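Understanding the architecture of this molecule
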Amino acid sequence: MTEQFDIVIIGAGPGGYSTALRAAQLGKQVALVERDATPGGTCLNRGCIPTKALLDATATFDAIRHTNGIGIHAHADSIDFPALHHWREGIVSTMVQGLSSLLAQRGVTVFQANAELMPAGETNTADADGQRRRSVLLTPSTGQTDVLRHKGKTTDAQGTRLVIEATDVVLAMGSRPRELPGTTFHDAIIDSTQALQRDFPASATIIGAGAVAVEFASIWNSAGCTVTLVIRKDRVLSAWDRRAGTTLTRELKKRGITVVSNAAATRIESNAPNEATVYYRVKDGEEQSVTSEVVLGAIGRDPNTQADWIAGNGIDLDERGHIVTDEYGHTRAAHVWAVGDIVAGHALAHRAFEQGITAAERIAGLDPKPVDENTVPQVVFSRPQAASVGYTGAQAKADERFGNVTETAYPMMGNARMAMSGSTGSMTIVSGETADNPGTRVVLGVHMVSPEATELIAEAEQLVGNRVPLSEAARLIHPHPTFSETLGEALLKADGRPLHTR
């Protein structure tokens, strides 16, 4: 007999597992299908968590350099890469075990398998309400001989072909690194997953200007690697607030990273595992080249929507391969939902997590608010860090819902903790009036570069997401002396009441 569920979720990354946990909490019978051996997706296994572990580890080198300048003399002899990798893997393993335990405690059935949503016409059973169930075909994932079923502490082999059914199916297949134009990842031309699996190179060229590019640039630079960033525009994070991107570019250069701006890679060659050459042109200039031990391609990620069964189920894709949904994640196909990187928008774990909760609640008959892309914080764990939420000044001025838009820049070096850190940064507050409440200025966006920016942005998200009047936000008290005072002072300045700045 075919095993039946209320919800089947394909993909166990942040979007998938949050859907599973919330749906189970709401009393649904849930199946979660993951092709990898462990849940958590790219973020937990190959992305957010392992890279941040390496960033924390290599921060030691920056601390040593900073203390040498203030009278505390210390040094680091070398990196024990086997020990470092073991520590990083231990962090990941601990988080994976915790997630697996949560799924088991909530009664979620986890299948390790490849999954394929079968066409609606191939489903022959209905649920108690007469709704036709959707069938999902499971086959063994790579390296496995059987579909594996995990329920609690029990694991059972289910053979080479298993069909399960559900009233609703949630797609959460995630994304993959985008290959560089004209070449594939091979030899010393690597993606972010491969970069995590190897020791730090002596030299590296990174093609890209987004979060992955600047985070690996920071990791390798801190560890003493010679790093070159080849970027297409005049600054990293070019889609962000201009001041933030310009500030971070300047700081990366100050730390010894070579930034080749306004450059287009023309070809990349690698015929050995430890050497690659990038050929590029800056605007209309002559072709130049840089040779390094590795070339990291970090030009973005593509949604995992290439399977034929996507179109075979009447699921629409946009021009970039993202699944088209309504604001709650529902696709054109009845009772089929999509969350996370396969849906256009910020490809971020925390956005996928909230989308999963929203989809689960919607399926359960609740009335949650849809995820607002403009309240999704963007965070980059570079050195220094960068964080952003809400509208840039240009975006707010172009939006007819807002009026009297202003951008307020706060000089970060007026903050004592910034001065102690040895870093510089930037802070921009975007404020304006909304059409439904003219005459009252609200916080529309916050953009910052500083130590601890990834922590500070959480407060800014609350201000932006709740449309807090600027005058009220500026009266919130921030502890002294902290980095958080930069936001407090910037809000005071935006409200026309600056104290430590003009």
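Residues numbered from 1 in each chain as written. Predicted model: local features only at pLDDT ≥ 70, side-chain atom pairs only at ≥ 80, totals over all residues. Heavy atoms only, no water.

1. Considering the UniProt feature "domain: Pyridine nucleotide-disulphide oxidoreductase dimerisation" (unreviewed entry) in the chain
Test applied: UniProt positions are given in the numbering used here, feature names are shortened, and annotations may be inferred rather than shown by experiment. Only runs of H or I of at least four residues qualify as helices and only runs of E of at least two qualify as strands under DSSP, and these elements are numbered from the N terminus.
With numbering aligned to this structure, UniProt lists the feature "domain: Pyridine nucleotide-disulphide oxidoreductase dimerisation" (unreviewed entry) at residues 376-490. The span residues 376-490 carries 30% helix and 36% strand; its end-to-end C-alpha distance comes to 21 Å.

2. Notes on the sheet that holds strand 17 (residues 294-297)
Quick note on the threshold: Strand pairing is defined by DSSP finding a minimum of two bridges between the two strands. By the convention used here, residues are in contact when the closest approach between their heavy atoms is within 4.5 Å. Note on method: axes are straight lines fitted to C-alpha atoms, helices fitted across the in-contact stretch only, with angles between N-to-C directions ranging 0 to 180 degrees.
Taken in spatial order, the 5 strands line up as 10-17-11-12-13 in an open sheet, and their pairing is parallel. Both outer strands of the open sheet, strand 10 (189-190) and strand 13 (258-260), are each paired with one neighbouring strand and no more. Examined bridge by bridge, strand 12 (residues 226-230) and strand 13 share 3 bridges and lie parallel to one another. Bridging from a neighbouring strand, Leu229 pairs with Val259 of strand 13. The sheet strands contacting helix 6 (residues 211-222) are strand 11 (203-207), strand 12 and strand 17, and the helix crosses strand 12 at an angle near 165°.

3. Structural notes on the domain arrangement of the chain
Spelled out, the test is: Residue ranges assigned to each domain were obtained from an automatic or database domain assignment.
Domain assignment breaks the chain into domain 1 (3-46 + 88-174 + 304-364), domain 2 (178-300) and domain 3 (384-495). Computed over C-alpha atoms only, the centres of domain 1 and domain 3 are separated by 37 Å.

4. A look at the pairing of strand 12
We apply this condition: Relative accessibility under 20% of the residue-type maximum defines a buried residue, over 50% an exposed one, and the middle range a partly exposed one, all with a 1.4 Å probe and only protein chains included. Clockwise travel from the first strand over the helix to the second, with the strands pointing away from the viewer, marks a crossover as right-handed.
Most of strand 12 sits inside the fold, with 4 of its 5 residues counted as buried. Two elements, strand 11 and strand 12, share 5 bridges in a ladder whose sense is parallel. Bridge pairing in strand 12 links Ile206 to Leu229. Tracing the backbone out of strand 11, into helix 6 and back to the parallel element strand 12 gives a crossover that is right-handed. The handedness of the strand 12 to strand 13 crossover, carried by helix 7 (residues 242-254), is right-handed.

5. A word on a nonpolar patch on the surface
In plain terms, the rule: The patches reported here contain residues having more than 30% relative accessible area and no salt bridge. Joining distances are 9 Å for like charges and 5 Å for nonpolar side chains (Val, Leu, Ile, Met, Phe, Trp, Tyr). Here, Shrake-Rupley sampling with a 1.4 Å probe gives the accessible areas, and only protein chains in the shown set may cover a residue. In the sections that follow, a salt bridge refers to a side-chain nitrogen of Lys or Arg positioned within 4 Å of a carboxyl oxygen of Asp or Glu.
On the surface, Trp87, Ile91 and Met95 cluster together to form a nonpolar patch covering roughly 270 Å² of accessible area. Position of Ile91 among the secondary structure elements: in helix 4 (residues 81-105). Look at Ile91 and you get partly exposed, because its relative accessible area is 32%.

6. Considerations on helix 4
The cut-off we apply is this: Helix span, as expected, comes to 1.5 Å for every residue beyond the first.
Compared with the 36 Å implied by 1.5 Å per residue over 25 residues, the 36 Å span of helix 4 between its first and last C-alpha is a close match. Residues of helix 4 that are buried: Phe81, Leu84, His85, Arg88, Val92, Val96, Leu99 and Leu103. At its buried positions, helix 4 is contacted by helix 1 (14-25), strand 2 (30-34), helix 2 (41-46), helix 3 (48-68), strand 3 (109-112) and helix 5 (192-197).

7. Some words on the packing of helix 3 against helix 6
Our working rule: To sort the angles, those under 35 degrees are grouped as roughly parallel, those over 145 as roughly antiparallel, those from 65 to 115 as roughly perpendicular, and the leftovers as oblique. Handedness of a helix crossing follows the sense of rotation of the near helix relative to the far helix, less than a right angle counterclockwise being left-handed and clockwise being right-handed. Under this grouping Gly is polar, as are all residues other than the nonpolar Ala, Val, Leu, Ile, Met, Phe, Trp, Tyr, Cys and Pro and the charged Asp, Glu, Lys and Arg.
Where helix 3 meets helix 6, the closest approach of the two axes is 8 Å, and the angle between their N-to-C directions is 45°. Accordingly, the angle class assigned to the pair helix 3 and helix 6 is oblique. In the crossing of helix 3 with helix 6, the sense of the turn from one axis to the other is left-handed. Across the interface between the two elements, Thr51, Lys52, Leu54, Leu55, Thr58, Phe61, Asp62 and Arg65 of helix 3 pack against Glu215, Phe216, Ser218, Ile219, Asn221 and Ser222 of helix 6. When grouped by side-chain class, the residues that make up the contact of helix 3 with helix 6 number 5 nonpolar, 5 polar and 4 charged.

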